[in-house]
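Single-letter residue listing:
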Protein chains: 4
Amino acid sequence: MPKVLFLAELDKPMAEWDLPGHNRWHPEIPAQVGVKPGEDFRVECQEWTDGQIGNTDDAADVAGVDLSRAHVLSGPIAIKGAEPGDLLVVDILDLGPLRSWGYTGIFSRTNGGGFLTDVFPEAQKAVWDFHGIYTDSRHIPGVRFAGLSHPGLIGCAPSEDLLARWNAREQALIATDPGRVPPLALPPLERNAVLGTLKGAARDRVAREAARTIPPREHGGNVDIKNLSCGTRIFFPVYVRDALLSVGDLHFSQGDGEITFCGAIEMAGWIDLGVDVIKGGMARYGITSPVFKPGPVEPRYLEFLTFEGISVEEGRNYYLDATVAYRQAALNAIRYLTHFGYTAEQAYLLLGAAPVEGRIGGVVDIPNACVSLAIPTAIFDRPVLPV
Amino acid sequence: MPKVLFLAELDKPMAEWDLPGHNRWHPEIPAQVGVKPGEDFRVECQEWTDGQIGNTDDAADVAGVDLSRAHVLSGPIAIKGAEPGDLLVVDILDLGPLRSWGYTGIFSRTNGGGFLTDVFPEAQKAVWDFHGIYTDSRHIPGVRFAGLSHPGLIGCAPSEDLLARWNAREQALIATDPGRVPPLALPPLERNAVLGTLKGAARDRVAREAARTIPPREHGGNVDIKNLSCGTRIFFPVYVRDALLSVGDLHFSQGDGEITFCGAIEMAGWIDLGVDVIKGGMARYGITSPVFKPGPVEPRYLEFLTFEGISVEEGRNYYLDATVAYRQAALNAIRYLTHFGYTAEQAYLLLGAAPVEGRIGGVVDIPNACVSLAIPTAIFDRPVLPV
Amino acid sequence: MPKVLFLAELDKPMAEWDLPGHNRWHPEIPAQVGVKPGEDFRVECQEWTDGQIGNTDDAADVAGVDLSRAHVLSGPIAIKGAEPGDLLVVDILDLGPLRSWGYTGIFSRTNGGGFLTDVFPEAQKAVWDFHGIYTDSRHIPGVRFAGLSHPGLIGCAPSEDLLARWNAREQALIATDPGRVPPLALPPLERNAVLGTLKGAARDRVAREAARTIPPREHGGNVDIKNLSCGTRIFFPVYVRDALLSVGDLHFSQGDGEITFCGAIEMAGWIDLGVDVIKGGMARYGITSPVFKPGPVEPRYLEFLTFEGISVEEGRNYYLDATVAYRQAALNAIRYLTHFGYTAEQAYLLLGAAPVEGRIGGVVDIPNACVSLAIPTAIFDRPVLPV
Amino acid sequence: MPKVLFLAELDKPMAEWDLPGHNRWHPEIPAQVGVKPGEDFRVECQEWTDGQIGNTDDAADVAGVDLSRAHVLSGPIAIKGAEPGDLLVVDILDLGPLRSWGYTGIFSRTNGGGFLTDVFPEAQKAVWDFHGIYTDSRHIPGVRFAGLSHPGLIGCAPSEDLLARWNAREQALIATDPGRVPPLALPPLERNAVLGTLKGAARDRVAREAARTIPPREHGGNVDIKNLSCGTRIFFPVYVRDALLSVGDLHFSQGDGEITFCGAIEMAGWIDLGVDVIKGGMARYGITSPVFKPGPVEPRYLEFLTFEGISVEEGRNYYLDATVAYRQAALNAIRYLTHFGYTAEQAYLLLGAAPVEGRIGGVVDIPNACVSLAIPTAIFDRPVLPV
């Protein structure tokens, strides 16, 4: 086991940890740990809501989650010698849970919602038990599968300039419909900001400027790509001195899209990383967003049942809209699964949590985009094909 | 080899064939061939433009393609005993080319455009030579890969009612911006409609009502899903008596999204099918769009180089827009490949033609959707990872 | 489709073809067709017994097969410029059947036998119908699978010296037990030798010297490796000028070991090849036997049921004997399958024909070798795991 | 993490542990821990030699290994309710190392030897460092790969009768050449027998009767099958009350055959297991040896370089001898790798340790068996195909 660089204290809020991490993005959040290129190290991570969700059978905790405390991130970690313009090479050597359970939540419409929030406006929860590489849930019977574990969120700190651009463009989007529920975007929020060991006036200023961690951005961040799995090598753009890498939001498993919002199997966990630096790599390869090579040990499935969705919703055509198309594919899959004994909510939770694949079909055949959603049939303990 | 139900006469336009197919969707296009459930049969297909594109080194033919002649479809084929409400089970038993070459085209912006038409407004073409399961192109050196061959377009005829809904909603979309280039959708077009053996007044009326074949719709149709490959079993909703199955637009290979519009490796080919019927299957399983189980013989790749895209374009945030995110992923990949000796046009053609995977990442992390595009590195004859 | 270099006349014995192939190995069998490095070409092949087996329900034809007519090989093909010491690079571009059926046979003990001939001394046969990439058999119900098609036999002609060594060592083996049934090896046999267009005294001398085609040898030949499948690149040692490549014994599918002797699904078929030459490659890489890179489109399976075998037979320990261990694994598998409604003969035929994997486990743990036999469970239409 | 049922004290010999395991097979070795069907639990295991091998650069420790102390097994574990005739279902839920390194050894000819001991008679060692799922070795540069971790040895205690048969048949084999170096088999050996907490006269008697753990047998045991990996479900015959399951000899990785004898990457590690019982399963399914379903998370490789071996050794034909054929394949591979900068010893060590596949080709084509050895090329940091 490599040295542990960052400890998660699961029994208290991150703000009270000996070495607190952070839950906002800002270049001035100080690194308190560092490594040299070539070193392996372990980082522990609290689950993304800062421990607000319990191993229980009701969803009151999901309904009332305070999103201002998310995402709990471990870092920043200084990578010695990395400079703006470099590529930071991060190897995800291994990862696993710190507890033997995780959860999937449907967020209520009034608290952020999810991909199908108009259909499923109420909070719901499924708790998953881990059995080595496998998981099952007392809330979704008849399902058991191997997790494709990954960090939902990993990335380097933005530069001051990049941060300013994030804030400007997101504010511009919010301004188009400020009162929307759920909101179009989340602006900086001082309340509950945890910024490592930053103190005093600097802390207060940074808390007002720092970007929220919800959206993925140019630096990566909360991309929720299930294929950032064990063995993956990621090439990150470096924007600040020492790169300032942070990681969190570990998922035991997730379906493409993480559609229930908190749709992965969220867990507290550990992740082993190795790092290296490619000097001047951003310009040499024209890289402005993370690029990665997935690892070789994904759970593999042969047989999928695949649902198609097109960008037609409630009788209306949306021009090459892959989001609408994926939503239709998900609704088609959910409706199908209700014919096999699942409630629609169970099916929705399952599509968020199991390793389902969301694939772009055609996005040029005007006016309809086509996106497919493929469910590996081996996750079920019974046949689920039409006969 | 199973019996050949439908012959393609590659040296003349479909309108002049002994047994012409069709290039519009309408329930009244008559079936002239039929099979019983349980039978295997072969169907030959002209490439989708009706033979307008040649094995040449310039793209004049692509620039001037007359889209009113597309897609050339083989069918309708009557499946004896299938009735509305049933599921038509179609097994894609095998498929292959009728000629030893195919092509990928970038359509010009003034003739339909493609996914990145603002960046690549001019027509371009790459011709691919087939070597058994492999293909390479004199227009994109250093690339060779096994094709994941599939029909771009397959589906059953719509009912009268379904057709009416298609036409209504697409017309409504067009009406929002009638003069747009490229257009938002393509309305029925009598010119160059080929409707099998339909003659006289019936032919003229149907030609004015029949839906264009470009978009995928509830019945499947032009879904351009590369995983409808050899060995796939598809479950189609049946809307009319005898199902009236048609197929065409065979692809030697295609990347997810078929992003250059005519982005697959388009070919004339043959396809062997088997059919069966599940009586009353639509209601029993709640199926309103095709569902499929992909085949077991996809070319498999271990190593991918994956690019991320988020729904931010030219400094502007788009709310959870997977289409914008995939466009950014594609642009990131193209820019990267230009550092390995490819022109941007070559890279764009390659992403349309090679078996690249477009995967939905997160579509709930407001405001940014994240979509990834994964290129199998084994298609290149040299290393393409950052070092 | 590439040019056809070699035509199989399926309705008559190879000796009567316009361009006959050969059924013995000898450097003096003349090439009548030739290709240049870089060319693609197609070769047609009769099934290995020269058409002695029919699409019937009894095994009389298998019982009476005249092995002196086997294997029917297409070739030799001259590869212009290849010289002894070179490596001949052969790409298996594609292959497929010439008829829509094939067969698997258990050879009788008195006519060569098979791997389990003491248990299954009588001739048996299963006929398989091809449905595109899939096959099923009226003689083994409840089974359907995608074939991993490959040539059972492919290789270059031996040099005069190499041929002499083959004959000497095989004769030495025979001499240890000349009367054994089945025999230990098969010496040259003039009767029914077909040697291309060779005539007269030369033909008679060569017929007496030429090696039988049954065993695999240094040049490859009848290796019966199922993974020499579509897309495979093979590197063959070249022993004679122009390499003199021959191919035959095409299999629609085969299990590792081809245990019933004629255990693959034997078929008449076509194979598309591409060739190239690495000058002086044998010495440069120390290659004295074929080396190959399997193709990327094998039918893939996730779930296997795997049986172990150890080198203990009838209460007796055999020292690290992998052959005995594999025989035990096969017997364990056969016994198991009889609990699922198959006769032992059906199970034996199935293990020869389906893509089962025979893997070396431990071969150092004195005194017992361990070899496993893995059956992909997806070939069955019902569950076959213990419950 | 499940409860830890068995602790390995890595800093002292197993005989001195608080809860010692055992290194012989005998039904009277008492279980001191037990579980109920349905429970998950963790077992820690010392590496197989009882800690005799160090993380050093010379092979003196390998040369002098005292095999009488092997294999160190954790167990027996009583599975409550299991009875003779049942099947014990064991799920390998997960496993991993207890230290961050392991080793591969070539045993000297005078101390047991290995598969190629005539070619490599001297002891050698490679130490491997673990980086999460990956490993590399300072002794074999240019190689890095993901381990396919598995227990080399797992099985249930034999009945008294079965043990008697083992001893009788192995003694019979030894008697055929009692003075052979290395020996043909290893008889019971009282010296250094560790038999859990068994004491006094019973201990002494059992020590004289108990079978050595080296060979695989009907109960499984030291099968050294690399595919008994994470997620595998094994069905074991039960011979004694409570089944008495033991496990050890964990491997970070291994090539098929484990050809250097101590050829896997041997490690101290932990393994999480789940158990269940199928009452009367042995008779119901005709199972007399373990059957298993491999797990879904093997490291997968696309590209292999495969070597063929036939049963001809030093000019002599061996009748359908798969052991000789695999030895030739291994020698062909080793010779090849020496053209890429490796010593023959390094290549030999690598074939034992990396996930190479040893596949039965043809075992019916008299007189030559053909066995192939496939090396995944992705383990190398440079191209290794002939060009």
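Residues numbered from 1 in each chain as written. Chains lettered and ligands numbered in written order. Predicted model: local features only at pLDDT ≥ 70, side-chain atom pairs only at ≥ 80, totals over all residues. Heavy atoms only, no water.

In this assembly, 87 residues from chain D lie in contact with 87 residues from chain C. Summed over both partners, the interface of chain D with chain C comes to about 7,100 Å²; 60% of that surface belongs to carbon and sulfur atoms. Applying the counting rule to chain D against chain C returns four salt bridges. The salt bridge involving Glu 357 of chain C is made with Arg 359 of chain D; its shortest N-O contact spans 3.2 Å. Across the chain D-chain C interface, the total number found is 37 residue pairs in polar contact (both at pLDDT 80 or more). Only helix 2 (160-175), strand 11 (216-217), helix 4 (281-285), strand 17 (291-293), strand 18 (304-310), helix 5 (322-337), strand 21 (357-360) and strand 22 (370-376) of chain D provide two or more residues apiece to the side of chain D that touches chain C. Taken together, the residues of the side of chain D that touches chain C sort by class into 48 nonpolar, 20 polar and 19 charged. Examined bridge by bridge, strand 17 (residues 291-293) of chain C and strand 18 of chain D share two bridges and lie antiparallel to one another. Considered in strand 18 of chain D, the bridge of Val 291 of chain C is made with Phe 307 of chain D. (Contact = heavy atoms within 4.5 Å. Buried area = accessible area lost by both parts, 1.4 Å probe. Salt bridge = Lys/Arg side-chain N within 4 Å of Asp/Glu carboxyl O. Polar contact = N/O pair within 3.5 Å; in protein donor to acceptor, adjacent residues only side chain to side chain. Helix = DSSP H or I, 4+ residues; strand = E, 2+ residues; numbered from the N terminus. Nonpolar A, V, L, I, M, F, W, Y, C, P; charged D, E, K, R; others polar. Pairing = 2+ DSSP bridges.)

A few words now on the relation of the copies chain D and chain C. Of the two same-sequence chains, chain D is brought onto chain C (RMSD 0.0 Å, axial shift 0.0 Å) by a rotation of 180°. Expressed as an axis order, the relation between the two copies is that of a two-fold axis. Across chain D, the rotation axis passes nearest the C-alpha of Arg 359 of chain D, at a separation of 2.3 Å. Comparing interface residues between copies, 100% of those in chain D also sit at the interface in chain C, which points to an isologous, same-surface contact. (Least-squares fit on C-alpha atoms with pLDDT ≥ 70 in both.)

Grouped together as the largest cluster of nonpolar side chains are 534 residues, with contacts concentrated most on Leu 88 of chain A, Leu 88 of chain B, Leu 88 of chain C together with Leu 88 of chain D. If we skip the residues at most four places from it in the chain, Leu 88 of chain C touches Ile 79, Cys 156, Ile 234, Phe 235, Phe 236, Val 238, Ala 243, Leu 245, Val 275, Asp 276 and Val 277 of chain C. (Core = buried A, V, L, I, M, F, W, Y, C linked by side-chain atoms within 4.5 Å. Buried < 20%, exposed > 50% of the residue type's maximum accessible area, 1.4 Å probe, protein only.)

All chains considered together, the criterion is met by 52 aromatic pairs over all chains. Ring geometry for Phe 107 of chain C against Phe 261 of chain C: centres 4.9 Å apart, planes inclined by 70°, an arrangement best described as edge-to-face. With a gap of 154 residues between them, Phe 107 of chain C in the loop between strand 6 (101-106) and strand 7 (124-131) and Phe 261 of chain C in strand 15 (residues 261-266) connect regions that are remote in the sequence. This pair shows no difference in class: Phe 107 of chain C is buried, exactly as Phe 261 of chain C is. When the ring of Tyr 336 of chain D is compared with that of Phe 340 of chain D, the centres are 5.1 Å apart and the planes differ by 35°; the resulting orientation is tilted. The pair formed by Tyr 336 of chain D and Phe 340 of chain D is uniform in burial state, with each residue classed as buried. (Phe/Tyr/Trp six-rings, centres within 6.5 Å; stacked < 30°, edge-to-face > 60°.)

Let us look at the pairing of strand 6 (residues 101-106) of chain B. Residue and element names in this part refer to chain B. Judged by how many residues are buried, strand 6 sits mostly within the fold: six of six residues are covered. Of the two faces of strand 6, both are covered, the one formed by Trp 101, Tyr 103 and Gly 105 as well as the one formed by Gly 102, Thr 104 and Ile 106. Two strands pair when backbone bridges link them, and strand 6 and strand 7 (residues 124-131) are joined in this way by six bridges, in the antiparallel orientation. The residue bridging Gly 102 from the neighbouring strand is Trp 128, located in strand 7. Of the strand pairs in this sheet, strand 6 and strand 15 (residues 261-266) are connected by three bridges, and their pairing is antiparallel. Bridge pairing in strand 15 places Ile 106 opposite Phe 261.

Residues and elements named next belong to chain A. Assigned domains within chain A: domain 1 (4-293) and domain 2 (304-379). Here the C-alpha centroids of domain 1 and domain 2 sit 26 Å apart. Counting residues at the interface gives 33 residues for domain 1 and 23 residues for domain 2. Taking both sides of the interface into account, the surface hidden between domain 1 and domain 2 amounts to around 2,200 Å²; carbon and sulfur atoms contribute 70%. Ranking the residues of domain 1 by area buried against domain 2 places Phe 115, Phe 120 and Asp 256 at the top, with a combined share of 26%. Between the two partners, domain 1 and domain 2, sit one salt bridge. Where Lys 226 meets Glu 357, a salt bridge forms, and the shortest distance between an N and an O atom there is 3.8 Å. Between the two partners, domain 1 and domain 2, sit 14 residue pairs in polar contact (both at pLDDT 80 or more). Among the secondary structure elements, those contributing two or more residues to the side of domain 1 that touches domain 2 are strand 6 (101-106), strand 7 (124-131), strand 9 (145-146) and strand 15 (261-266). Sort the elements by how many residues they give to the side of domain 1 that touches domain 2 and strand 7 lands first, with four residues. (Domains from an automatic or database assignment.)

Summed over the entire model, instances satisfying the criterion amount to 108 salt bridges over all chains. Between Glu 190 of chain B and Arg 203 of chain B there is a salt bridge, and its shortest N-O distance comes to 3.7 Å. Note that Glu 190 of chain B is positioned in the loop between helix 2 (160-175) and helix 3 (200-209) and Arg 203 of chain B in helix 3, a separation of 13 residues in sequence. The class for Glu 190 of chain B is partly exposed, based on a relative accessible area of 30%. Across the pair Asp 86 of chain C and Lys 279 of chain C runs a salt bridge, and its minimum N-O distance is 2.6 Å.

Taking 1.5 Å of rise per residue, 16 residues should cover 22 Å, and helix 2 of chain B covers 22 Å from first to last C-alpha, within 8% of that figure. Considered for burial, the residues of helix 2 of chain B that qualify are Leu 162, Leu 163, Trp 166, Arg 169, Glu 170, Leu 173 and Ile 174 of chain B. One face of helix 2 of chain B carries all of its buried residues, which in axial projection span an arc of 145°. Opposite the buried face of helix 2 of chain B, by more than 90 degrees, sit the exposed residues Glu 160 and Ala 175 of chain B. The inward-facing, buried residues of helix 2 of chain B contact strand 18 (304-310), strand 19 (312-313) and strand 20 (316-317) of chain A together with helix 3 and strand 11 (216-217) of chain B. (Expected span 1.5 Å × (residues − 1). Arc of directions from axis to C-beta.)

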